[in-house]
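Working through the structure, step by step
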Amino acid sequence: PRTMAMILTDIHETHSRSDQVADALKDAYHSAVEANKAKSLFLSSVSHDIRTPMNGIIGMLTLAINTQDTKQEDYYLQQAQDISQYLLSLINEVLDMSRMEAGKLELENKPFNIYHLEPQLNNIFKETIEKKDVMFKIEYFDFDVKYFVGDELRIMQILVNLLSNASKFTEKGEIKVTFRQMYKEDQVANIMMRVHDTGKGMSREFLSHIFRPFEQEGVEISKKYGGSGLGMAITDQLVKLMGGEIVVDSLEGKGSDFTVFLNLPISTNQQYEDKKEVVVEEFSFDQKRILLAEDNDINAEICLSVLNAKGAFVERVENGQVAVETFKKHAEHYYDLILMDIQMPEMNGYEA
């Protein structure tokens, strides 16, 4: 027979479990509410950030159409093109974020030469930074190997994001990139990459949420320096995907240090021949026969205009099915090139 004490204990434990379930449900509810708010804020921010350059493009094109001055027209068109490049970079960043959120961003694991990062970064940043009388330097320390296995493109993306910010916010002094091999263990090396600048720095408050999407330190920063506020969020996510860590140290008015630590496998082959510059004869479209499969009339018009101007003979079809049928009508090697869209009605580019 169960005693009253046992029954009371069971009741107490049942109540405790109920309280725990209730607390868990409350936590889940609050998390869902916060996630929904974050999503709404994200959509609102991205809509605004896309609409603003779109308005600029439309405005510049309208001015170009209405002017009779050729020089002024060229200026408006150049402005529209520059804004379009910004818009494209924003869309690419949003796509990167969405792929990361969905867990669909895959990293490559290929051997790469860590010393090849230096000329790439110099090509992108050196001239722009030094035009402002800011010293730009890239240094390597303690490397006893040079080939590692990883995603060179995404590592470059991390460095480009960090250097873009450093360049944007530094008006005097220096910007320095440091690569250091920290230690090796079981054919894996711990690599430190640091971007140091003597720019405007950041407040302690902003540092606590710098890696949130669309975060910028005040409206005046967004207006003065531009940018989507996605770069740091993408950088943080990329570092995490690589199993690494990013540390930020900044002082207002003094500058910032962004330090990334990555554990990269050491390539078993350290004897790759570095690619030498090869002079290749420039390809010519002149007299080339091209089959163009494109369902969008505007895209097709642009392709036709560009290719015809280069002397090519272009035959345009509206979808993959017609492309296959058209291709079969002609003798082998009749076409020199096929330019195929991916998303098309009837039959897409992959199927074709």
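Residues numbered from 1 in each chain as written. Predicted model: local features only at pLDDT ≥ 70, side-chain atom pairs only at ≥ 80, totals over all residues. Heavy atoms only, no water.

A word on unusual backbone geometry. A positive phi angle, close to 50°, is found at Asp186, a residue other than glycine. Inspection of the secondary structure puts Asp186 in the loop between strand E4 (174-185) and strand E5 (188-197). (Helix = DSSP H or I, 4+ residues; strand = E, 2+ residues; numbered from the N terminus.)

A word on the sheet that holds strand E8 (residues 289-293). With parallel pairing, the 3 strands of this open sheet are ordered in space as E9-E8-E10. In the strand order of this sheet, the two ends are held by strand E9 (313-317) and strand E10 (337-340), each with one partner. Along the sheet, successive strands turn relative to each other by an average axial angle of 20°, direction set aside. Note: E8 against E10, 4 bridges, orientation parallel. The partner of Leu291 across the bridge, within E10, is Ile338. Strands E8, E9 and E10 of the sheet are contacted by helix H8 (residues 297-309), whose axis makes an angle of about 170° with E9. (Pairing = 2+ DSSP bridges. Axes fitted to C-alpha atoms, helices over the stretch in contact; angles between N-to-C directions. Contact = heavy atoms within 4.5 Å.)

Enumeration over the complete set of coordinates arrives at 8 salt bridges. Put simply, Asp142 and Arg180 hold a salt bridge, and the shortest N to O gap is 3.0 Å. Of this pair, Asp142 sits in the loop between strand E2 (135-141) and strand E3 (147-150) while Arg180 sits in strand E4, placing them 38 residues apart in sequence. On the accessibility criterion, Asp142 (53% relative accessible area) is exposed. Judged by relative accessible area, Arg180 falls into the partly exposed class, the value being 27%. Here Arg316 and Asp297 are joined by a salt bridge, their closest N and O atoms 3.0 Å apart. A residue pair is termed long-range when its members are at least 10 positions apart, and Arg316 in strand E9 and Asp297 in helix H8 qualify at 19 residues. When its relative accessible area of 54% is taken as the criterion, Asp297 is described as exposed. (Salt bridge = Lys/Arg side-chain N within 4 Å of Asp/Glu carboxyl O. Buried < 20%, exposed > 50% of the residue type's maximum accessible area, 1.4 Å probe, protein only.)

It is worth spelling out the nonpolar core at this point. Ile114, Phe148, Ile155 and Phe179 are the most contacted members of the largest nonpolar core, which has 43 residues in total. Put simply, the parts of the chain that give this core at least two residues each are helix H2 (70-101), helix H3 (117-130), E2, helix H4 (152-169), E4, E5, helix H7 (231-241) and strand E7 (255-265). Take this core: its biggest share by element is 7 residues, from H4. With residues up to four places along the chain from it excluded, the contact list for Phe179 reads Ile114, Leu117, Leu121, Ile138, Glu139, Tyr140, Phe141, Phe143, Leu159, Met192 and Met193. Formed by 7 residues, the second largest nonpolar core is a distinct cluster that contains Met60, Tyr76, Ala80 and Leu87. (Core = buried A, V, L, I, M, F, W, Y, C linked by side-chain atoms within 4.5 Å.)

To continue, consider the environment of Thr52. Among the structural elements, Thr52 can be located in helix H1 (residues 4-66). The spatial distance from the C-alpha of Thr52 to the C-alpha of Ile83 is 9.7 Å, given a sequence separation of 31 residues.

Quick look at the confidence of the model for the protein chain now. One rule of thumb: low pLDDT means the predicted coordinates there are not for detailed reading. Confidence along the protein chain averages 82 in pLDDT terms, with 83% of residues attaining 70 or more. The model gives residues 216-227 a pLDDT under 50, and that stretch makes 21 contacts with residues more than four places away or in other chains. (pLDDT = per-residue confidence, 0-100.)

Within this structure, the stated rule accounts for 9 aromatic pairs. Ring geometry for Tyr115 versus Tyr140: centroids 4.4 Å apart, planes at 25°, classification stacked. Of this pair, Tyr115 sits in the loop between strand E1 (110-113) and H3 while Tyr140 sits in strand E2, and the two are 25 residues apart along the sequence. On the basis of relative accessible area, Tyr115 is assigned to the partly exposed category, the value being 32%. Residue Tyr140 is classed as buried on the basis of its relative accessible area of 16%. One aromatic cluster is present, formed by Tyr115, Tyr140, Phe143, Phe148 and Phe179 through successive ring pairs. One Lys or Arg, Arg289, reaches over the ring of Tyr334 and ends 4.2 Å from the middle of that ring. (Phe/Tyr/Trp six-rings, centres within 6.5 Å; stacked < 30°, edge-to-face > 60°. Lys NZ or Arg CZ within 6 Å of the ring centre and 35° of its normal.)

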